[in-house]
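# Architecture at a glance
For reference, the chains in residue letters:
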Amino acid sequence: MSAAAARIVGARKSFGDREVLRGIDLEIEPGTVTVILGPSGSGKSTLLRAVNHLEKLDEGYVVVDGELIGVRLVGDRLKELGERQILRQRARIGFVFQNFNLFPHLTVLENVIEAPVSTGLLPKAAARARALDLLAQVGLSEKTDAFPRQLSGGQQQRVAIARALALDPQLVLFDEPTSALDPELVGEVLAVIRRLADSGRTLVVVTHEIGFARDVADHVVFLDDGVIVEQGPPGEVLVAPQHPRTRDFLARVL
Amino acid sequence: MTTASLRSRAAAVLDIPPAAVSRRVQPLRHPWQWVATAVVIVLALNLGQTLFTNPAWEWSRVGHWFASPAIFTGLTVTLEATAISAVLSFAGGIVIALCRQSRNRVLQGAAWLYIWVFRSVPLILVLIFLYNLGNLYPKIGIGIPFGPQLQVPTTNVLSDLTLGVVGLSLLESAYAAEVVRAGLLAVDHGQHEAAKALGIPRGRQFTRIVLPQALRSIVPAYVNQIIGLLKSSSLLFYVSVLDLFGVVQNLQSTYPSDIIPLLVVATVWYLILTSAVSIVQHFVERFYNRGQRGIR
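Residues numbered from 1 in each chain as written. Chains lettered and ligands numbered in written order. Predicted model: local features only at pLDDT ≥ 70, side-chain atom pairs only at ≥ 80, totals over all residues. Heavy atoms only, no water.

Turning our attention to the overall build of chain B. Within chain B, the secondary structure is distributed over 14 helices and two strands. For chain B, the C-alpha radius of gyration of 29 Å lies well beyond 19 Å, the compact-globule estimate for 296 residues. Dimensions of chain B, computed from the C-alpha atoms along their principal axes, are close to 100 × 70 × 30 Å. Looking at chain B residue by residue over its 296 residues, the buried ones come to 33%. Within chain B, contacts between residues separated by at least 24 positions form 75% of all contacts whose residues are at least 6 apart in sequence. Separation of charge centres in chain B, based on 22 positive and 11 negative side chains, amounts to 16 Å. (Helix = DSSP H or I, 4+ residues; strand = E, 2+ residues; numbered from the N terminus. Rg over C-alpha atoms; globule rule 2.2 N^0.38 Å. Buried < 20%, exposed > 50% of the residue type's maximum accessible area, 1.4 Å probe, protein only. Contact = heavy atoms within 4.5 Å. Lys, Arg positive; Asp, Glu negative; His and termini not counted. Charge placed at Lys NZ, Arg CZ, Asp CG, Glu CD.)

Pasting the structure below:
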């Protein structure tokens, strides 16, 4: 399977009276790293979560690898898919949470094996072999039998990344993967994501790490108040921002 | 400035003799604890003495009845009724709790109504109601309203023990539902999201991810319920089930001189049973605390 392309078209979403996404169109090229920046409350997490249908859009749609996500077209309307189909689609999209959300009652190895085994993607022995390989890649071969609570935040997040990769997704979404970490642990997690970027998968990363965006991103998207204010290569958006709101934001975080 | 000169300056300001600085700080004394201890010991000795000196306890008769076949039959019935009700109630509790959390308003309402009714009504009333169910509905069955029905006579289906178990389970499910619901709510929302994001099938999300974590808080609470259930099962005597308490009551009317020793026998057996449940609880809790003993 080659890296997946994703496309978001006309995305709109409200929570009560508050419109969080106000018509977003975004093209994500296969095999690229897209970094989404923006002040808190700008809708970046909601947008990311809409890509694997953890958040339902009010209007608009998401296409991953040529397939509508979470909905199907019936006549001239989009209708939500059944839960089983949505789960099957999600299994092909990796998702890494800000708070790791590892399963605390399962060991590191069990955390990584759970999805491929329970979705029937791999038999147990193969899932185990793959999990050990992934844990070695994120530098945690020694911790396979540890429980999540026994690990540092950075180690937990690396397990979470291995867990997301266990299903061999061609698109991986990161929702502020380093925001819950102590400053000295941020580097180890970013290093893992950086290596992942070279693996040919398509990555979409919501983050506040401007340095990471500059070094790793192919495409930077700046979101504010539910709309894309500016987007382009990091050399343009981060170095010579055109929009005053982007400039303002970068001045504050740098 | 040297340590020594700092110390002497501080001591001079607060007027503390230099010797006090290097002596161990004396902990607070609790004289009243000694008084309380003495009172408890005196009371305990008094009670202990009467246990042996008062002939009315009739310890030899306690020994006679303690492991008698009649008591064992009662014990079996108590255990049977408690165990079956505990399992049925837990299963029922899970179903009712899931209904309460459902998005379907009718299921939500039905679950709420069930809990409301069966938490409000005393067990003895439900038991006697069921006992007289034959008068209310001579036949019970299931079918389409105003359509074909499948029916059997009520008294055939419900033996006294079955009826007792049904009564216990009806009430206990309502409590179990609340215990299960609290446990499910205690599971972090992120766990549901992670399971969804990984595409884990829905049933497996519940059995493998959510329920094991919920059980951590469900088990201790539910074991307390089981202990309550064990004791409530003594009320089955009133619908002619001869459980431990029922057997004791029967023996008392046959052997009126043994009333006290028989009560002692029942007390000791209930103590043993509840202690056994607590020991099992300890091990079950340890199992479900897997992963909780972190080093952070």
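For the rest of this paragraph, the subject is helix 13 (residues 244–254) of chain B. When helix 13 of chain B is considered as a whole, its buried residues turn out to be Leu244, Gly246, Val247, Val248, Leu251 and Gln252 of chain B. Where helix 13 of chain B is buried, its residues touch helix 4 (59–66), helix 5 (69–101) and helix 14 (259–288) of chain B.

Residues and elements named next belong to chain A. Spatially, 8-9-10-3-11-12 is the arrangement adopted by the six strands of the open sheet, whose pairing is mixed. Single-partner strands in this sheet number two, and they are strand 8 (93–96) and strand 12 (227–232). The mean inter-strand angle of the sheet, taken between neighbouring strand axes irrespective of direction, is 15 degrees. Pairing between strand 11 (residues 219–224) and strand 12: five bridges, direction antiparallel. The residue bridging leucine 223 from the neighbouring strand is isoleucine 228, located in strand 12. Packed onto the sheet, helix 1 (residues 44–51) meets strand 3 (33–37), strand 8, strand 9 (171–175), strand 10 (202–206) and strand 11 and runs at close to 150 degrees relative to strand 9. (Pairing = 2+ DSSP bridges. Axes fitted to C-alpha atoms, helices over the stretch in contact; angles between N-to-C directions.)

Residue and element names in this part refer to chain A. Among the nonpolar cores identified, the biggest contains 50 residues, and Val35, Leu37, Leu135, Ile161, Phe174, Ile193 and Leu203 are the most heavily contacted of them. If you tally residues by element for this core, the top one is helix 6 (residues 183–197), at eight residues. Discounting chain neighbours no more than four positions away, the residues touching leucine 203 are Thr32, Val33, Thr34, Val172, Phe174, Ile193, Leu196 and Ala197. (Core = buried A, V, L, I, M, F, W, Y, C linked by side-chain atoms within 4.5 Å.)

All names here are of chain A. Strand order in the open sheet made by the four strands is 2-1-4-5, with antiparallel pairing throughout. Where the open sheet ends on each side, the last strands, each with one partner, are strand 2 (18–28) and strand 5 (67–68). Sheet analysis places strand 1 (residues 6–15) next to strand 4 (residues 59–64), joined by five bridges and oriented antiparallel. Across the sheet, arginine 12 pairs through a bridge with glutamate 59, a residue of strand 4.

Under the counting rule described, the total for this entry stands at 12 aromatic pairs over all chains. On the basis of an interplanar angle of 5 degrees and a centroid distance of 5.8 Å, the ring pair of tryptophan 112 of chain B and tryptophan 116 of chain B is categorised as stacked. In this pair, tryptophan 112 of chain B and tryptophan 116 of chain B are both assigned in helix 6 (residues 105–120), four residues apart and thus about one turn of the helix distant. Under the relative-accessibility criterion, tryptophan 112 of chain B is labelled partly exposed at 45%. Judged by centre distance (4.7 Å) and plane angle (40 degrees), the ring pair of tyrosine 114 of chain B and phenylalanine 118 of chain B falls under tilted. With tyrosine 114 of chain B and phenylalanine 118 of chain B both in helix 6, this residue pair falls four residues apart, about one helical turn. Grouping aromatic residues by their ring pairs yields a cluster made of Phe66, Phe72 and Trp269 of chain B. Residue placement shows arginine 163 of chain A over the ring face of phenylalanine 103 of chain A; its charged tip is 4.6 Å from the ring centre. (Phe/Tyr/Trp six-rings, centres within 6.5 Å; stacked < 30°, edge-to-face > 60°. Lys NZ or Arg CZ within 6 Å of the ring centre and 35° of its normal.)

Residues and elements named next belong to chain A. As judged from the eight bridges shared by strand 1 and strand 2, these two strands associate in the antiparallel manner. Bridge pairing in strand 2 links alanine 6 to isoleucine 28. Taking the residues between adjacent antiparallel strands as the criterion, strand 1 and strand 2 are bridged by two residues, where glycine 16 takes a positive phi near 65 degrees.

Residues and elements named next belong to chain A. If you check the domain split of chain A, you get domain 1 (1–92 + 171–254) and domain 2 (100–168). Summarising the inter-unit geometry, the C-alpha centres of domain 1 and domain 2 are found 24 Å apart. At the junction of the two partners, domain 1 supplies 14 residues and domain 2 supplies 15 residues. For the pairing of domain 1 and domain 2, the buried interface totals around 1100 Å² over both sides, and the portion due to carbon and sulfur atoms is 69%. Inspection of the domain 1/domain 2 interface yields two salt bridges. One salt bridge connects glutamate 188 with arginine 158, and the closest N-O pair in it is separated by 2.8 Å. Between domain 1 and domain 2 we count five residue pairs in polar contact (both at pLDDT 80 or more) in total. When contributions to the side of domain 1 that touches domain 2 are tallied by element, the ones reaching two or more residues are strand 9 and helix 6. Ranked by the residues each element gives to the side of domain 1 that touches domain 2, the list is headed by helix 6, at seven residues. (Domains from an automatic or database assignment. Buried area = accessible area lost by both parts, 1.4 Å probe. Salt bridge = Lys/Arg side-chain N within 4 Å of Asp/Glu carboxyl O. Polar contact = N/O pair within 3.5 Å; in protein donor to acceptor, adjacent residues only side chain to side chain.)

Here the focus is the pattern of salt bridges. Residue and element names in this part refer to chain A. Following the criterion strictly, the structure yields 21 salt bridges over all chains and no others. We note a salt bridge from lysine 56 to glutamate 80, for which the minimum N-O separation is 3.6 Å. Of this pair, lysine 56 sits in the loop between helix 1 and strand 4 while glutamate 80 sits in strand 7 (residues 77–80), placing them 24 residues apart in sequence. Look at lysine 56 and you get partly exposed, because its relative accessible area is 40%. Since its relative accessible area comes to 40%, glutamate 80 is described here as partly exposed.

To continue, consider the interface of chain A and chain B. Contacts between the two partners involve 29 residues from chain A, matched on the other side by 26 residues from chain B. Our enumeration of links across chain A and chain B arrives at four salt bridges. Where chain A touches chain B, the interface holds seven residue pairs in polar contact (both at pLDDT 80 or more). Per element, the largest residue contribution to the side of chain A that touches chain B is four residues, and it comes from helix 3 (residues 108–118) of chain A. Looking at side-chain class alone, the side of chain A that touches chain B contains 14 nonpolar, eight polar and seven charged residues. (Nonpolar A, V, L, I, M, F, W, Y, C, P; charged D, E, K, R; others polar.)

All names here are of chain B. Here leucine 184 is to be found in helix 10 (residues 160–185). For leucine 184, a relative accessible area of 5% corresponds to the buried category. Considering only alpha carbons, one finds leucine 184 and leucine 215, 31 residues apart in sequence, at a separation of 8.2 Å. Residues contacting leucine 184, with those up to four places away along its chain left out, are Leu98, Gln101, Phe206, Val210 and Ala214.

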